[in-house]
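Remarks on the overall topology
As a plain string of letters, each chain reads:
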There are 2 protein chains.
Amino acid sequence: MQKKLTIQDIARLAGVSKATVSRVLNGNPSVDGELQARVMRIVQEHGFVPNITAISLAGGQTHLIGVLAPPLVWPALPEIIRGVAEYIENTTYEIVLYSINFANVELNHSDVLNRVLTLRLVSGLLAIFPGEVTAHLTKHYQHGLPLVLINDQEEPGHIPWVGIDNRASANAATRYLLEQGHQRIAHIRGPQQFYWANERFAGYQQAMQEAGITPEPELLIQGGFEPLHGRQCAEHIFSRERADWPSAIFAANDQMAYGILEYAEQQGIRIPEDITVIGFDDNILSAHMRPPLTTVRQPFYEMGHKATELLLNMIDPDHHMGEKGTVKGPTRPRSEQTPLASQEAPVHLQLPTSLVIRASSDKAAISLNT
Amino acid sequence: MQKKLTIQDIARLAGVSKATVSRVLNGNPSVDGELQARVMRIVQEHGFVPNITAISLAGGQTHLIGVLAPPLVWPALPEIIRGVAEYIENTTYEIVLYSINFANVELNHSDVLNRVLTLRLVSGLLAIFPGEVTAHLTKHYQHGLPLVLINDQEEPGHIPWVGIDNRASANAATRYLLEQGHQRIAHIRGPQQFYWANERFAGYQQAMQEAGITPEPELLIQGGFEPLHGRQCAEHIFSRERADWPSAIFAANDQMAYGILEYAEQQGIRIPEDITVIGFDDNILSAHMRPPLTTVRQPFYEMGHKATELLLNMIDPDHHMGEKGTVKGPTRPRSEQTPLASQEAPVHLQLPTSLVIRASSDKAAISLNT
DNA sequence: TTGTATGCGTTATCAC
DNA sequence: GTGATAACGCATACAA
């Protein structure tokens, strides 16, 4: 482990002052083009990497972004975080993971948040499904904390936010069922306190209405979000006369659809021959269900990717690295950069979803797909 | 966002020099007991938290540990990382996540590693299933990088390491089957380049031998690690005469057992009535299979937890926080602390496994368990 | 355009 | 025991 080079060493090698090296490193345009090139060459040659710790002490960015995440067993998280990580890979920033455990009562969420904020370790925060801490976060955002949310549990507020259009997606999914000739389509709702659940329900209703159909009240079933809830709803549905069954069930999320599939299999109810089932999310397991589940695909990877891009643009518009592994080249001076995120109009990024048609809704697809 | 307190402010409030405050904060015993108490009180009252950035610049630790992890979709990872996170929660350290994507060829693993090391951002590294980078890591460990491995793919070397006794665990699982009266027990091996696979196979063989049984060669089947591999092996087994079927199958991991379960279900083969199936790992899904899978439980959470403890002990034996949220109280001065991890004897921590008996091996358990 | 000097918040090495 | 004071590596206001 050879001694680490400092900006001072580079300055000596280049025959300039360390202030100049610093300027070059930060892309200050006031440096002479010639000189800048020479310094950069030396920097490259020696593989010089500035000390992040010193940078942040001296008042710059910490080059660390915090990722506030719920338990990683949540189906969407690995993909979201992969998106974050792969974006970060091409920047000079690193991820500080704050994994919050929703089961832990003693150490509640705002404690974690306090820790994040009092330490001032990170230059910005990406909050994934923050649940109850959202209010706290909002306050800190207004006080200047660069923040991006991935959150479908509440209606988007004034914080930069990345997500999907739940209503339109559910509408499209329902229309697909209608186009397949289904008329009696049941919907298993998610918990009413969740924005996504209400939006998806609204999308379903809207599509039905547009088709001139008023679904029977018996087909609107209040579920939850776990397989067990789906299973219970399935029991309810299939306990009726066979003639009263719907011809299709649209579950508000994949997890509940799993419960339906399971119950159907146990009861010898064939899918899709006897009844069609579709979900929402396209969790990693959905393609491997029996039968593979038709569902609305949420672009989780892209959500992580875009959210990170958004956040870094708020913090440091010139965060992108030039060559991999090297320091970034000349950029705009920090003074010219957009100052504070909270001063700009809030950005709401709605990413497109897609309907993934699999065997649970399509006899022709039974032998085909994944 | 009120201005952040500095050690200087505390010094003024306490009527001492900042050097003394620093001493108190670091538990230097040379401070007068009275004074120390007074300073600590003021620190507590004002909720003073020292600036980590400054600490690390001044030559201390960065209070950041790197976690090198494969894709989070790997079944064991959420639990391992939960273990890491929950341990970290009670320290003054934070997690820097280096999520490495095994599919990405351009940016190979040692690139990520270089980044970790040249940046010198982290005080130590926890490498989870590092695969091919292990050799690189070993080198850097010998050069002084505090490092702990969670790795079952190769035989433990001279690096501190946390894992299980695969051989003994497989032995115990096999003995369980023998005690259930099984004689013809098939084993689906994992890939031979993996340490865990060979150890589990050895454990199986050993148990059979101890029972005085030499398994027929047809019952020793080379598998892989994915459900598909298990499925293929199942096809192979069940393609024989019914009389030639084994009465139990021990798959080297849960994933392959899933494939067996799936194939059996499709073929109408009942488990455990027609044949017993057990796995290894106790992935999160295993309890929810149909039927629930009997398996050897790896304590993933504890592995993450213990590995982190080990790493932090190497870096900073006094890393534990006193009261939650406050700075740590008096501790031993840094000079008395054990200097470098690599000078100590390598620690190999073998955590206990347990056999989780579920319906796939136990008729009595069919209606019971999770 | 470039160099000099100061500050960031802490630890550590001296003196006293 | 305690207090100045010099690093630590960089950014930046101010000079030149």
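Preceding block: the structure.
Every value quoted in this text rests on a predicted model; they were computed, and no experiment measured them. (Residues numbered from 1 in each chain as written. Chains lettered and ligands numbered in written order. Predicted model: local features only at pLDDT ≥ 70, side-chain atom pairs only at ≥ 80, totals over all residues. Heavy atoms only, no water.)

Focus on the protein's contact with DNA strand C
Residues in contact with DNA strand C amount to 25 residues; listed here are only the nearest, A:Thr20, A:Arg23, A:Asp32, B:Ile7 and B:Ser22. In the environment of DNA strand C, a base oxygen lies 3.0 Å from a nitrogen or oxygen atom belonging to the side chain of B:Lys18. Residue B:Asn26 places a side-chain N or O atom 3.0 Å away from a phosphate oxygen belonging to DNA strand C. Sorting elements by how many residues they give to the surface near DNA strand C places helix α2 (residues 18-25) of chain B first, with four residues. The class makeup of the residues in the surface near DNA strand C is 13 nonpolar, seven polar and five charged. (Near = heavy atom within 4 Å. Polar contact = N/O pair within 3.5 Å; in protein donor to acceptor, adjacent residues only side chain to side chain. Helix = DSSP H or I, 4+ residues; strand = E, 2+ residues; numbered from the N terminus. Nonpolar A, V, L, I, M, F, W, Y, C, P; charged D, E, K, R; others polar.)

Quick look at helix α10 (residues 227-238) of chain B
Residue and element names in this part refer to chain B. Compared with an ideal rise of 1.5 Å per residue, which puts twelve residues at 16 Å, α10 spans 16 Å between its outermost C-alpha atoms and is within 8% of the ideal. Every buried residue belonging to α10 is among Gly230, Arg231, Cys233, Ala234, Ile237 and Phe238, and all of these are buried. Relative to the axis of α10, the buried residues are bounded by an arc of 165° and lie together on one face. For α10, the elements touching its buried residues are β6 (185-189), β7 (220-222), β8 (248-251) and α11 (254-267). (Expected span 1.5 Å × (residues − 1). Buried < 20%, exposed > 50% of the residue type's maximum accessible area, 1.4 Å probe, protein only. Arc of directions from axis to C-beta. Contact = heavy atoms within 4.5 Å.)

Regarding the sheet that holds strand β8 (residues 248-251) of chain A
All names here are of chain A. If you trace the six strands from one edge of the open sheet to the other, you get β7-β6-β8-β9-β10-β12, paired in mixed fashion. Among the strands making up the open sheet, the edge pair consists of β7 (220-222) and β12 (354-356). On average, adjacent strands in this sheet sit at an angle of 20° to one another, irrespective of strand direction. With four bridges connecting them, strand β6 (residues 185-189) and β8 associate as parallel partners. (Pairing = 2+ DSSP bridges. Axes fitted to C-alpha atoms, helices over the stretch in contact; angles between N-to-C directions.)

Digging into the relation of the copies chain A and chain B
Between the two copies, chain A and chain B, the superposition gives an RMSD of 0.2 Å; the rotation angle is 180° and the shift along the axis is 0.1 Å. Both chain copies can therefore be described as sitting about a two-fold axis. Relative to the rotation axis, the C-alpha of A:Val96 is the closest in chain A, positioned 2.2 Å from it. In this assembly the copies share their binding face: 98% of the residues contributing to the interface of chain A also contribute to that of chain B. (Least-squares fit on C-alpha atoms with pLDDT ≥ 70 in both.)

Notes on empty space enclosed by the protein
Scanning the model with the defined rule gives three cavities of 30 Å³ or more in all. Of the volumes computed, that of the largest cavity is approximately 90 Å³. Lining the largest cavity are A:Ile52, A:Thr53, A:Ser56, A:Thr62, A:Leu64, A:Leu121, B:Ile52, B:Thr53, B:Ser56, B:Thr62, B:Leu64 and B:Leu121. At the level of secondary structure, the elements contributing two or more residues to the lining of the largest cavity comprise α4 (52-57) of chain A together with α4 (52-57) of chain B. Here the residues of the lining of the largest cavity are counted per class, giving six nonpolar, six polar and no charged. (1 Å grid on protein atoms, 1.4 Å probe; cavity = no way out; pocket = protein on both sides within 12 Å on 5 of 7 lines; lining within 4 Å. Points joined across faces, edges and corners; volume = space filled by probe spheres on them.)

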